[in-house]
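Structural overview
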Protein chains: 2
Amino acid sequence: MPSQTFFNLSEAKRKAFLETAIEEFAGRDYESASISRIVATLGIAKGSVYQYFEDKRDLYLFLIDYAAKERVAFVSGVPMPDPQQGFYRYTQWLLEMGVRFALEHPRLNQLIYQAMFGTAPFRDDMLQRLRDSSLQLIRDVIAQGIAVGEIDPDIDLDMTTYLLNVITNEFGNYLASKLAIDPQRLLAGDQAQLDNDSLRSVYSKALDFVWHGLAKRSTAH
Amino acid sequence: MPSQTFFNLSEAKRKAFLETAIEEFAGRDYESASISRIVATLGIAKGSVYQYFEDKRDLYLFLIDYAAKERVAFVSGVPMPDPQQGFYRYTQWLLEMGVRFALEHPRLNQLIYQAMFGTAPFRDDMLQRLRDSSLQLIRDVIAQGIAVGEIDPDIDLDMTTYLLNVITNEFGNYLASKLAIDPQRLLAGDQAQLDNDSLRSVYSKALDFVWHGLAKRSTAH
DNA sequence: ACCGTATGTGACCGATTAGTCACATGACTG
DNA sequence: CAGTCATGTGACTAATCGGTCACATACGGT
């Protein structure tokens, strides 16, 4: 809950502030993240930050909330597959969501992931809700897949939801490190070239693993 | 590379120091971990730490190294399955390794995992070697499974190794949170009761997922 | 031109950090 | 007992932290 002052800021200033703050909090602990460093980077006075936010905790929780909303907006922007195409496609869509968001918004992804599964402080309701809502989407897809009879009903729903969430997130990290040959290109907006061609072929391997596991397949898709 | 002084310490003192230091580094950033807090907890002078270790970095890298060696020792202590039982059992063994180590040595597991995949500093050779050696075991099992024809040869070896490592690690976390009803009991050494009975049945679900994926199974094991 | 309000500022505070060092203590030797 | 060496100590330094506040600046209305 930032002050009105924060929202009165020019969009340029607000964007710059958000970007710098997210960068600061994404890569490190809550404790290690430094307000002093943020204001030094931005070239503004420290007092300004405390006119926007109550304290460090207030800023942090706002950033988490912001990142979560951005993620929801991002997911909404990618059309879900046609239900008639089966739950293999739904699973593909889930994976694609995670990977694309991780590649296109790496800082936001780090922030969310770290808040949910890292050593985040504040056993806040908000964080719990973030965690729950993030997992709910995955859980729903799996549950429906089971109901329709395309997903094995013997799986443990809770556990599989958890693992699938971890996989989608970490697979993004894997790709990022794998493509680390020139990570600049990706961040610079050159991802369009990669997206629709090679990216899909890369994560189709991950999808196959999620769908069929390690075992030697008998049927193909 | 601690000084000789550190190894001259009585076992009781050395153990106490290790335990406290690991506890301090396991839950937080490298930057957030505090030497001052360690010495305060132990009730020793700060100067002592700097007679054992060159600096904070030296201590941290030693702890990582120690944790890694403990893990290797732990893994060596659990017998591998009979090769004739197939690679399903090998995969089971891999999972069991990760889960048991995570449950019996949660702090060490956190330390290792955070060093390998967290926001650890020091792009050290040592960390890279730790990462490589940890993944190598998994990679070997998969590669052999492919060679023997029990694991699908179309999987991406690198990616699957990475994901399997993540899964074994995070599954430990999942179990830990799932069993959080009384985590004290586990740490208190009461795990023997859980181990051979319910534990195996719980992670057999994870094993099924890893082996067969989400898809509805046709054949059973 | 004047005033009131909103926004920006950075010196300053108390707390905490990693790391140092002159000194105390203990143990063993001659 | 005296001397030597390893070990333990905690006050101290310089840097950094989150947070405060008295003050400066900018802007809009009359």
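Now for a quick tour of the structure. Note that the structure is predicted; figures quoted are calculated from it, not measured.

A look at the overall build of chain A
Per the secondary structure count, chain A includes ten helices and zero strands. When the helices and strands of chain A are placed in sequence order, the string is α-α-α-α-α-α-α-α-α-α. Here chain A holds 221 residues, and the buried ones make up 49% of them. Of all intrachain contacts in chain A linking residues separated by at least 6 positions in sequence, the fraction that spans at least 24 positions is 66%. Working note: accessible area of chain A is about 10800 Å², and carbon and sulfur atoms make up 50% of it.

Focus on the nonpolar core
Soluble globular proteins tend to bury their nonpolar side chains together. Counting 137 residues, the largest nonpolar core has Phe171 of chain A together with Phe171 of chain B as the members making the most contacts within it. Leave out the neighbours within four places in its chain, and Phe171 of chain A touches Leu95, Val99, Val166, Val202, Tyr203 and Ala206 of chain A together with Met159 and Leu163 of chain B.

Let's talk about the packing of aromatic side chains
If you walk through the whole model with that rule in mind, you get 32 aromatic pairs over all chains. Residues Tyr60 of chain A and Phe122 of chain A carry aromatic rings whose centres are separated by 6.1 Å and whose planes lie at 50 degrees to one another, so their mutual orientation is tilted. Of the two residues, Tyr60 of chain A sits in helix 5 (residues 56-76) while Phe122 of chain A sits in the loop between helix 7 (106-117) and helix 8 (125-148), which places them 62 residues apart along the sequence. The same class applies to Tyr60 of chain A as to Phe122 of chain A, namely buried. Seen in terms of ring centroids, Phe17 of chain B and Tyr52 of chain B are 5.6 Å apart; in terms of plane orientation they differ by 90 degrees. Their pairing is edge-to-face.

Details of the protein's contact with DNA strand D
Looking at DNA strand D, there are 20 residues lining it, with Lys46, Tyr50 and Lys56 of chain A together with Thr5 and Asn8 of chain B nearest. When the atoms of DNA strand D within 4 Å of the protein are grouped by moiety, sugar and phosphate amount to 57% of the total. Between DNA strand D and Ala33 of chain A, the relevant distance is 3.0 Å, taken from a phosphate oxygen to a main-chain nitrogen or oxygen of the residue. Contact between DNA strand D and Tyr50 of chain A: a phosphate oxygen at 2.9 Å from a side-chain N or O atom of the residue. The set of elements that each furnish at least two residues to the surface near DNA strand D consists of helix 3 (35-42) and helix 4 (46-52) of chain A together with helix 1 (4-8) and helix 4 (46-52) of chain B. If one sorts the elements of the surface near DNA strand D by residue count, helix 4 of chain B sits on top with five residues. Class assignment of the residues belonging to the surface near DNA strand D gives a composition of seven nonpolar, eight polar and five charged.

Observations concerning the interface of chain B and chain A
Contact with chain B, which involves 39 residues of that partner, is made by 39 residues of chain A. Carbon and sulfur atoms make up 64% of the surface buried where chain B meets chain A, a total of about 3800 Å² over both sides. Those elements that provide at least two residues to the side of chain B that touches chain A are helix 9 (157-178) and helix 10 (183-212) of chain B.

Things to note about the packing of helix 6 (residues 87-104) of chain A against helix 9 (residues 157-178) of chain A
All names here are of chain A. Closest axis-to-axis distance for the helix 6/helix 9 pair is 8 Å, and the angle between their directions is 45 degrees. Our classification of the angle between helix 6 and helix 9 gives oblique. In this structure, helix 6 meets helix 9 at a crossing whose hand is right-handed. Residues Leu94, Leu95, Gly98, Val99, Ala102 and Leu103 of helix 6 form the contact with helix 9, whose own contacting residues are Leu164, Thr168, Phe171, Gly172, Leu175 and Ala176. Residue classes in the contact of helix 6 with helix 9 are distributed as nine nonpolar, three polar and no charged.

Focus: helix 7 of chain A
All names here are of chain A. With twelve residues, helix 7 should reach 16 Å at 1.5 Å per residue; the first-to-last C-alpha distance of 16 Å fits that figure. In terms of burial, helix 7 is largely enclosed, as ten of its twelve residues are buried. All of the buried residues in helix 7 are Pro106, Leu108, Asn109, Leu111, Ile112, Tyr113, Gln114, Ala115, Met116 and Phe117.

Quick word on the relation of the copies chain B and chain A
Of the transformation superimposing chain B on chain A, the axial component is 0.0 Å and the angular component is 180 degrees, with the fit at an RMSD of 0.1 Å. The superposition operator between the copies reduces to a two-fold rotation axis. In terms of proximity to the rotation axis, the leading residue of chain B is Gly213 of chain B, whose C-alpha is 2.0 Å off the axis. Counting the interface residues of chain B, we find that 100% of their copies in chain A are interface residues as well, pointing to one common contact surface.

Some words on the protein's contact with DNA strand C
Taken together, 20 residues surround DNA strand C, and among them Thr5 and Asn8 of chain A together with Lys46, Tyr50 and Lys56 of chain B come closest. Among the atoms of DNA strand C close to the protein, meaning within 4 Å, 57% are from sugar or phosphate groups. Tyr52 of chain A places a side-chain nitrogen or oxygen 3.0 Å from a phosphate oxygen of DNA strand C. Elements with a contribution of two residues or more to the surface near DNA strand C: helix 1 (4-8) and helix 4 of chain A together with helix 3 (35-42) and helix 4 of chain B. The dominant element in the surface near DNA strand C, judged by the number of residues it contributes, is helix 4 of chain A, at five residues. Partitioning the surface near DNA strand C into residue classes produces seven nonpolar, eight polar and five charged.

How each quantity is defined
- Residues numbered from 1 in each chain as written.
- Chains lettered and ligands numbered in written order.
- Predicted model: local features only at pLDDT ≥ 70, side-chain atom pairs only at ≥ 80, totals over all residues.
- Heavy atoms only, no water.
- Helix = DSSP H or I, 4+ residues; strand = E, 2+ residues; numbered from the N terminus.
- Buried < 20%, exposed > 50% of the residue type's maximum accessible area, 1.4 Å probe, protein only.
- Contact = heavy atoms within 4.5 Å.
- Areas by Shrake-Rupley, 256 points an atom, 1.4 Å probe, with all protein chains shown as cover.
- Core = buried A, V, L, I, M, F, W, Y, C linked by side-chain atoms within 4.5 Å.
- Phe/Tyr/Trp six-rings, centres within 6.5 Å; stacked < 30°, edge-to-face > 60°.
- Near = heavy atom within 4 Å.
- Polar contact = N/O pair within 3.5 Å; in protein donor to acceptor, adjacent residues only side chain to side chain.
- Nonpolar A, V, L, I, M, F, W, Y, C, P; charged D, E, K, R; others polar.
- Buried area = accessible area lost by both parts, 1.4 Å probe.
- Axes fitted to C-alpha atoms, helices over the stretch in contact; angles between N-to-C directions.
- Parallel < 35°, antiparallel > 145°, perpendicular 65-115°, else oblique.
- Left-handed = near helix turned anticlockwise from the far one by under 90°.
- Expected span 1.5 Å × (residues − 1).
- Least-squares fit on C-alpha atoms with pLDDT ≥ 70 in both.

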